[in-house]
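Listed below, chain by chain, are the residues.
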Amino acid sequence: YFKAEHRRAELGYWIDQPYWKQGLMREALPPVLAAVSNAGLIHRLEAYVEPPNQASALLLSRCDFQREGILRDVEINNGTYISLEVWARLFN
């Protein structure tokens, strides 16, 4: 989503399991973040990560996102409540 009045957007990505751990997002994410920065339209970019997905959390950390906390039991996945870590990066 993009909230123009707040200059806030959400980043999301999904990789099918056969393509995990091949560095695809490590290669793709920096140019996306550079484009976001250069456009100057977004101040806050948020991402949500399921706690078991530490590879995604590590990628966000390497791309200057900060872990801000956890939303407990915020979604249902396959009939079970799941929590999500909140990550965000600020742009000037």
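Structure report, in brief. Because the structure is a prediction, the values reported are computed rather than measured.

### A look at the pairing of strand β3 (residues 44-49)
With five of six residues buried, β3 lies mostly within the body of the structure. Note: strand β2 (residues 8-10) against β3, three bridges, orientation parallel. Across the sheet, the residue bridging to E10 is E46, located in β3. Between the parallel pair β2 and β3, the chain is carried across by helix α1 (residues 24-39), and the sense of this crossover is right-handed. Pairing geometry for β3 and strand β5 (residues 80-90), over six bridges, is antiparallel. For Y48, the partnering residue across the bridge sits in β5 and is V86.

### Notes on α1
Its 16 residues give α1 an end-to-end C-alpha distance of 23 Å, which sits within 8% of 22 Å, the value for a rise of 1.5 Å per residue. Of the positions making up α1, those classed as buried are M25, L29, L33 and V36. Taken around the axis of α1, the buried residues stretch over an arc of 60°, which confines them to a single face. The outward face of α1, more than 90 degrees from its buried face, is lined by the exposed residues E27, P31 and N38. In this structure, the buried side of α1 is in contact with β3, α2 (54-62) and β5.

Calculation rules
- Residues numbered from 1 in each chain as written.
- Predicted model: local features only at pLDDT ≥ 70, side-chain atom pairs only at ≥ 80, totals over all residues.
- Heavy atoms only, no water.
- Buried < 20%, exposed > 50% of the residue type's maximum accessible area, 1.4 Å probe, protein only.
- Helix = DSSP H or I, 4+ residues; strand = E, 2+ residues; numbered from the N terminus.
- Pairing = 2+ DSSP bridges.
- Right-handed = clockwise from strand over helix to strand, strands pointing away.
- Expected span 1.5 Å × (residues − 1).
- Arc of directions from axis to C-beta.
- Contact = heavy atoms within 4.5 Å.

Worth remembering: the numbers are spatial, not functional.
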